[in-house]
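The primary structure of each chain is shown beneath.
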Amino acid sequence: MHILITGGAGFIGSHVVRHFLTTYPSYTITNLDSLTYAGNLANLHDVEHLPNYRFVKGDITDGDFLMQLFEEQRFDGVIHLAAESHVDRSITNPTAFVVTNVLGTVNLLNAANAAWNSDFQGKRFYHISTDEVYGSLGKEGMFTEETPYDPHSPYSASKASSDHFVRAWHDTFGLPVVISNCSNNYGSFQFPEKLIPLFINNIIQSKPLPVYGKGENIRDWLWVVDHAQAIDVIYHQGKTGETYNIGGHNEWSNIDLIRLLCRIMDAKLGRAAGESEKLVTYVTDRAGHDLRYAIDSSKLQRELGWIPSITFEKGLELTVEWYLSNSEWLNNVTSGSYQHYYDEMYGLR
Ligand code: NAD
Ligand code: DAU
């Protein structure tokens, strides 16, 4: 079995690569990543020596390159995570999201379809998507797999579009696809522009914690390791052509989550109770800020038996501990010096 994982140097991708390399030593895992600002090979330093791991630096927006790669490598499966993933960046530079998330996905679909050439036995194209495609909930209800798409940000619109293209390749060409839509992930190796690692880093440095609007928006948080486990289950047991929602049944308003995080940080840093919360600063709301996400993942639980492994309180504590004991990683990422890792590793500097 040879699986191509795209975006494997990013946050979730690196956990998926690690999970597959260590759980399935007989599989060859090729990580294809263009190493944007969000890609960091140091995220894989503990597994990159494994004999079943390959890294290819390449861009999914380059269709010819992908065609050639698929011709040379004979992949059995694709797990597609490469994307521009940060909502705030999609507001300042929407085009990059269309190019990578939409065109890049179509290029991958084309390359897989051409290489597999209607011989789909044992093949699978797994597209990793987000709950944001479903839009925003009011106080009640949850997103199911049947919820109509209603994206609001350029990021979620680009992911919704890519989901439609994946389904179109299934319906038109018979490509054996599967899609999952997951809620907010947290855990180690997350780039400190997203809420939890950004706030951990700011608390360490006693910098303000910029809470958008009133902090009333609600997100449904899942430990990234549990997401990787769900991806394994869906890759191996999910039904072709189906969609699975993944979530932790774990809704938190931003301000409640931030208060919990502040309490954990005070305890871990040996600061007086209430010290970190003083850093909370309410700032102008994100444009088009979705109010609430909540995922109903009962289909995944019922049909494939997946459930999250730990509570949010425990997962958040583990996450804080990881960032505190990996200050070198955090400093390299915030200073930008991690971007030389690839060059150093391959003797290019
Ligand atoms: P990330 O931004 O941390 O990582 C993205 C990775 O993709 C990086 O390594 C980057 O270098 C790579 N990449 C970007 N453009 C590329 C290109 N043109 N060619 C090749 N590689 C490229 O993202 P993440 O948070 O790990 O998210 C991974 C996937 O999961 C995305 O598709 C995202 O939409 C989805 N998702 C994320 C979350 C979340 O909470 N983070 C939740 C649900 C779904
Ligand atoms: O729901 C899944 C999505 O979760 C993924 O598809 C995205 O890739 C991922 O980035 C994430 O999107 P969010 O916009 O929900 O995540 P973010 O960490 O950017 O923000 C979480 C919440 O915190 C959101 O309501 C905005 C708020 N926020 C965020 C930042 C960065 C703040 O209040 N202040 C901040 O500085």
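Scroll up to find the structure.
Since the model is a prediction, treat every value here as computed from it, not as a measurement. (Residues numbered from 1 in each chain as written. Chains lettered and ligands numbered in written order. Predicted model: local features only at pLDDT ≥ 70, side-chain atom pairs only at ≥ 80, totals over all residues. Heavy atoms only, no water.)

## Some remarks on the overall build of the protein chain
1) Next: Helix and strand counts for the protein chain stand at twelve helices and twelve strands.
2) Next: Computed over C-alpha atoms, the radius of gyration of the protein chain comes to 20 Å, within 12% of the 20 Å expected from 2.2 N^0.38 for 349 residues, which places it in the range of a compact globule.
3) Next: The C-alpha extent of the protein chain, read off along each of the three principal axes, is 60 × 50 × 40 Å.
4) Next: Burial status across the protein chain gives 56% buried among its 349 residues.
5) Next: Excluding contacts between residues fewer than 6 apart, the proportion of contacts in the protein chain whose partners are at least 24 apart in sequence is 82%.
6) Next: Looking at the protein chain as shown, the accessible area adds up to about 14,500 Å², and 51% of this sits on carbon and sulfur atoms.
7) Next: Across the protein chain, the 26 positively charged side chains and the 41 negatively charged ones have centroids separated by 3 Å. (Helix = DSSP H or I, 4+ residues; strand = E, 2+ residues; numbered from the N terminus. Rg over C-alpha atoms; globule rule 2.2 N^0.38 Å. Buried < 20%, exposed > 50% of the residue type's maximum accessible area, 1.4 Å probe, protein only. Contact = heavy atoms within 4.5 Å. Areas by Shrake-Rupley, 256 points an atom, 1.4 Å probe, with all protein chains shown as cover. Lys, Arg positive; Asp, Glu negative; His and termini not counted. Charge placed at Lys NZ, Arg CZ, Asp CG, Glu CD.)

## A closer look at the site of ligand 1
1) Next: As a matter of local geometry, ligand 1 sits amid 30 residues, with Ile-12, Asp-33, Ser-85, Tyr-155 and Lys-159 nearest to it.
2) Next: One of the backbone nitrogen or oxygen atoms of Ile-60 is found 3.0 Å away from a nitrogen atom of ligand 1.
3) Next: Between ligand 1 and Asn-185, the relevant distance is 2.9 Å, taken from an oxygen atom to a main-chain nitrogen or oxygen of the residue.
4) Next: Burial of ligand 1 by the surrounding chains reaches 96%, relative to a free accessible area of 840 Å².
5) Next: Every element with two or more residues in the shell around ligand 1 is listed here: α1 (11-23), β5 (124-130), α5 (154-173) and β7 (184-186).
6) Next: A per-element tally of the shell around ligand 1 places β5 first, with three residues.
7) Next: Taken together, the residues of the shell around ligand 1 sort by class into twelve nonpolar, 14 polar and four charged. (Near = heavy atom within 4 Å. Polar contact = N/O pair within 3.5 Å; in protein donor to acceptor, adjacent residues only side chain to side chain. Nonpolar A, V, L, I, M, F, W, Y, C, P; charged D, E, K, R; others polar.)

## A word on the sheet that holds β7
1) Next: With respect to topology, three strands assemble into an open sheet ordered β7-β9-β11, the strand pairing being mixed. Two strands in the sheet have a free side with no partner beyond their single neighbour: β7 and β11 (251-253). Neighbour-to-neighbour, the strand axes of this sheet turn through a mean angle of 50°, independent of strand direction.
2) Next: Summarising the sheet, strand β9 (residues 218-223) and β11 pair through three bridges and their orientation is antiparallel. The partner of Arg-219 across the bridge, within β11, is Trp-252.
3) Next: Contacts from helix α10 (residues 312-325) reach β7, β9 and β11 within the one sheet, and its direction differs from that of β7 by about 50°. (Pairing = 2+ DSSP bridges. Axes fitted to C-alpha atoms, helices over the stretch in contact; angles between N-to-C directions.)

## With respect to helix α8 (residues 254-269)
1) Next: For α8, which comprises 16 residues, the first-to-last C-alpha distance of 22 Å matches the rise-based estimate of 22 Å (1.5 Å per residue) to within 8%.
2) Next: Buried residues along α8 sit against α6 (195-204), β8 (209-212), β9, β11, β12 (280-283) and α10.
3) Next: Immediately downstream of α8, the backbone of Gly-270 shows phi near 70°, a positive value. (Expected span 1.5 Å × (residues − 1).)

## Points about the pattern of salt bridges
1) Next: Applying the stated criterion across every chain yields a total of ten salt bridges.
2) Next: Between Asp-46 and Arg-18 there is a salt bridge, and its shortest N-O distance comes to 2.9 Å. Here Asp-46 is found in the loop between β2 (28-33) and β3 (53-57), whereas its partner Arg-18 is found in helix α1, with 28 residues between them in sequence.
3) Next: Exposure remark for Arg-18: the relative accessible area of 15% places this residue in the buried category.
4) Next: Within the structure, one salt-bridge network assembled from shared partners comprises Asp-256, Arg-259 and Glu-277. (Salt bridge = Lys/Arg side-chain N within 4 Å of Asp/Glu carboxyl O.)

## A closer look at the site of ligand 2
1) Next: Around ligand 2 sit 24 residues in total, of which Thr-130, Asp-131, Tyr-155, Arg-286 and His-289 are the nearest.
2) Next: Separating an oxygen atom of ligand 2 from a side-chain N or O atom of Glu-132 is a distance of 2.8 Å.
3) Next: Tyr-212 is positioned such that a nitrogen or oxygen atom in its backbone is 2.9 Å from an oxygen atom of ligand 2.
4) Next: Bound to the protein, ligand 2 loses 94% of the 690 Å² it would expose on its own.
5) Next: Those elements that provide at least two residues to the shell around ligand 2 are α6 and β8.
6) Next: Of the residues that constitute the shell around ligand 2, the class distribution is ten nonpolar, eight polar and six charged.

## Observations concerning the nonpolar core
1) Next: Formed by 37 residues in total, the largest nonpolar core has its most connected members in Phe-20, Ile-79, Tyr-126 and Ile-246.
2) Next: If you list the elements that add at least two residues to this core, you get β1 (2-6), α1, β3, β5, β6 (177-182), α7 (224-237), β10 (243-246) and α9 (298-304).
3) Next: Ile-200, Leu-257, Ile-264 and Trp-329 belong to the second-largest nonpolar core, a separate cluster that totals 33 residues. (Core = buried A, V, L, I, M, F, W, Y, C linked by side-chain atoms within 4.5 Å.)

## Regarding the pairing of β10
1) Next: By the alternation rule, side chains of β10 split into Thr-243 and Asn-245 and Tyr-244 and Ile-246, which are all buried.
2) Next: In the sheet, β6 pairs with β10 via four bridges, with the strands oriented parallel. Residue pairing across strands places Ser-180 opposite Tyr-244, the latter belonging to β10.

## Structural notes on the packing of helix α2 (residues 63-73) against helix α4 (residues 94-116)
1) Next: At a minimum axis distance of 9 Å, the contact between α2 and α4 shows a crossing angle of 30°. Every pair of crossing elements has a handedness; the one defined by α2 and α4 is right-handed. Every residue of α4 that contacts α2 at Gly-63, Leu-66, Met-67 and Phe-70 is listed here: Asn-107, Leu-108, Asn-110, Ala-111, Ala-112, Ala-114 and Ala-115.
2) Next: Residue composition of the contact of α2 with α4, grouped by class: eight nonpolar, three polar and no charged. (Left-handed = near helix turned anticlockwise from the far one by under 90°.)

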